[in-house]
Amino acid sequence: MFRILAHLVCRWPWAILGIWAVTAIWVGTVAPVWESAVQDEDVRFLPPDSLSVQGLQLMEQAFPREVFGSRLVLVVHRPDRPLSDDDYALVDKLAMALERLRQARPELAISACTTYRHPLVGARLTSQDRRCTIVNVPLGSPFLALRTAESVDAIEEVVGKELAGSVQPPEVYLTGHAGIGRDLTRAALRSLDHTTWATIGLVVVILLFIYRSPGLAALPLVAVSLAVWLSLNVLSLLSHCLHFQLLNVTRVFVIVVLFGAGTDYCLFLLSRYREEYERQGDHREAVRRSVRRVGAVLFASGAMIVAGLAAMGLAEFAKLRYTGPAIAVTLVVALAACLTLVPAIMCVCSPRVLFWPGRGREHRGETCAGPWSWLARAVVRHPHWMVAGCFLSLGPLAIYGAGVRYSYDFIHELPPMASSKRGLECIRRHFVPGEIGPLTVLLRSAQDWRGTSGQRHLQELSRRIRQVAAVAEVRSVIAPLGEPHAVAEGPKAWVAGLTHKLFQKAVQEYFLSQVGDRFVTRLEIVFRNDPFAEESVHALLQIRELVQRWTAQAGVDAFALFGVTPNIYDFAQVHEQDRATLRWIILTSVGLILLGLLRRPILVAFLLVSVLASYFATIGAAELLARFFLNTPAGEVNWKVPFFLFTIVLAVGEDYNVFLIARVQEETRRRPVADAVQYALARTGGTISCCGLIMAGTFATLMLCPLTTLIQLGMALACGVLLETFVVRPLLVPAFLVVCARVQALWREGSAVAPLSTEIEDTRQAA
């Protein structure tokens, strides 16, 4: 197959370039703008049987006007004195300005805000020391949606204008899960520009260092840049035609992965071209032989990464189900560009252009002298010590990494000076942190909750929930302002001025509803910690268990939980299940590809075990680095790290191993296995190491992002690739090949050692 491909590309290079040009123009014309194709983050990304999804469904039925995607909290704060009448007047002006914004721009999905004047909860929105008051602004979009970021930005602009007209205004922060989501989204979008230019700059510097020729350095850069641009437009087109959902962070991963993997593919092709050109001096024949010889290996290596990412399409969590296959599609485009576009450009350019300012033929490239030759001899002479040393060095880190926990706290991802994080710290000083996202418990029953029996049951349930240590307050129709704390009398609060009848009517409208012939009530539970905290999640599980036991006694038909904390819990549960399932699926798919390529089960099993050891060692190293440099909690890494790290390290590590073993396969036709391993390692060591440095460097650009998650992920990916590049591939794998050859020789009582495998060469010759 690759013999035919090489012939077509070298015979009609201008036709290949024309096809790429027409395709790029057509896709760029018909594809929608990326921002319009991105789908919003939503609780419906979770499976239908999740707590938060079931809670959302009952909430929409019973309290449709109270359902909102996220909540923005405006924190008005005086650090040195209580709020004055002018400060409360400013809060009133902010409320009126937000109401005008809501009416003028309905597309922002801003609901009516709640201030200290609210008849039910207004008294709870001012701190006891009178130094802080909060304004709740419900939004119709989820907290990580682009629309939420747009709404929060518009509100921030309105707040800024009002503060500009005040003399000595108080501090005002925008927080809540909508504010946190906006800051996360803004940081992710800003990181896109940083990672893009840093990645391009890094690739240019490394390519110029390797080739010292602008022509050869520009070739991978042009091909990969076109592949990235075309891939993003293809994804936008797929989202429009096939309703394929795109996410905000997908574009960051596409750029980083494609510049790393795509440049690696081009480097392997160019390295083989240079070697063939030095041997024969025929430019087009060197291009043809390069495509024919490395095409199968490039295809297999690309197939492993694509298979691993495509396997994420089986995840329960929809974000992973769409992100993995999306990156896989872009890798297919990059691989096609490497096997067709790059050799076509090489064919239409003369060697003088490619090698300028050198002359090409005189540039000897890799030789069998130098540090890689010395290392190859050491590996072949002492293979047992190399295998033992690698496992002993990776073992402690791998054991430590296997016990690392995974964190789902979004607040820790934010940079310290983010407005939402500073506002949350202010709330923690003056309020119960759980006020930014109370847990809602929905109860559906045939009995009317306004009756004596219903209120008695609610009183008993509230008493049980208050016994949970992490619960600060329980609000219900029988205790709308919560217990056991007394009602705080905020300035100008309306509670004292309302008649008892109007107050009770407002309470019943807020806490009671009817769906068909069933009566629904809700309880609001305020945690002592913020709703993202691990303590709040543990309290949620206790509340779910005790409510489940209580419903059997009270004759309640059904109950549901709604809020940020159930969403975080479902998020963690689904990811734990997906991680356990996808790990085996990805491992099996990559193993089958290796088995089909190498046809040696023992060697394939060893390669998988070595990469698994590298993966767990990388997790341990990433946790230690994050703890010392990012001040993350001990024994924890962010949940994104294991998902992408496992796929990338497994696929990239096997990529490099396949390139090495394929060269060993080729050399075993002419020399014994030990000599073939030594020659192949010396010959390919420099190229594969440069590829590893490029891949690690592109992943390391994620560390320029302001988000702790992406910093930790970039750190982990870079560590994983470096371990594969400078430990597993040059030391462990070739040493194991030599050990196997010696064992095989002893087994055959000194007879000639058969080649490790000849299937790859047979396949190439048949093609």
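To start, this report covers the structure provided alongside it. (Residues numbered from 1 in each chain as written. Predicted model: local features only at pLDDT ≥ 70, side-chain atom pairs only at ≥ 80, totals over all residues. Heavy atoms only, no water.)

## Considerations on the sheet that holds strand 3 (residues 171-175)
Inference 1: In spatial order, the strands read 2-1-3; together these three strands make up an open sheet with antiparallel pairing. Each edge of the sheet is formed by a strand with only one pairing partner; in this case those strands are strand 2 (132-139) and strand 3. For this sheet the average axis-to-axis angle between neighbouring strands, irrespective of direction, equals 20°.
Inference 2: When strand 1 (residues 70-77) meets strand 3, the two strands line up antiparallel, connected through five bridges. Following the sheet pairing, Leu74 is matched in strand 3 by Leu174. (Pairing = 2+ DSSP bridges. Helix = DSSP H or I, 4+ residues; strand = E, 2+ residues; numbered from the N terminus. Axes fitted to C-alpha atoms, helices over the stretch in contact; angles between N-to-C directions.)

## Topic: the packing of helix 8 (residues 214-241) against helix 9 (residues 250-280)
Inference 1: Interhelical geometry of helix 8 versus helix 9 gives an angle of 140° and a closest axis separation of 9 Å. When the axis of helix 8 is compared with that of helix 9, the two are oblique. Our pair here, helix 8 against helix 9, has a crossing hand that is right-handed. Side by side, helix 8 and helix 9 meet where Leu216, Leu219, Pro220, Leu221, Val224, Ser225, Ala227, Val228, Ser231, Leu232 and Leu235 of the first sit next to Arg251, Val254, Ile255, Leu258, Phe259, Gly262, Thr263, Cys266 and Leu270 of the second.
Inference 2: Looking at the contact of helix 8 with helix 9 residue by residue, the class counts come to 15 nonpolar, four polar and one charged. (Parallel < 35°, antiparallel > 145°, perpendicular 65-115°, else oblique. Left-handed = near helix turned anticlockwise from the far one by under 90°. Contact = heavy atoms within 4.5 Å. Nonpolar A, V, L, I, M, F, W, Y, C, P; charged D, E, K, R; others polar.)

## As for unusual backbone geometry
In most cases, non-glycine residues show a negative phi, while peptide bonds are predominantly trans.
Inference 1: At Ala109, a residue that is not glycine, the phi angle is positive and equals roughly 55°.
Inference 2: In this fold, Ala109 is placed in the loop between helix 5 (85-104) and strand 2.
Inference 3: Given a relative accessible area of 24%, Ala109 falls into the partly exposed group.
Inference 4: Of note in this structure, Gln168 is not a glycine but carries a positive phi near 50°.
Inference 5: Relative to the elements of secondary structure, Gln168 occurs in the loop between helix 6 (146-164) and strand 3. (Buried < 20%, exposed > 50% of the residue type's maximum accessible area, 1.4 Å probe, protein only.)

## Points about the environment of Leu207
Inference 1: Looking at where Leu207 falls in the secondary structure, it is placed in helix 7 (residues 176-211).
Inference 2: Along the chain, Leu207 and Gly591 lie 384 residues apart, while their C-alpha atoms are 32 Å from each other.

It is worth stressing that arrangement in space is one thing and function is another; only the former is reported here.
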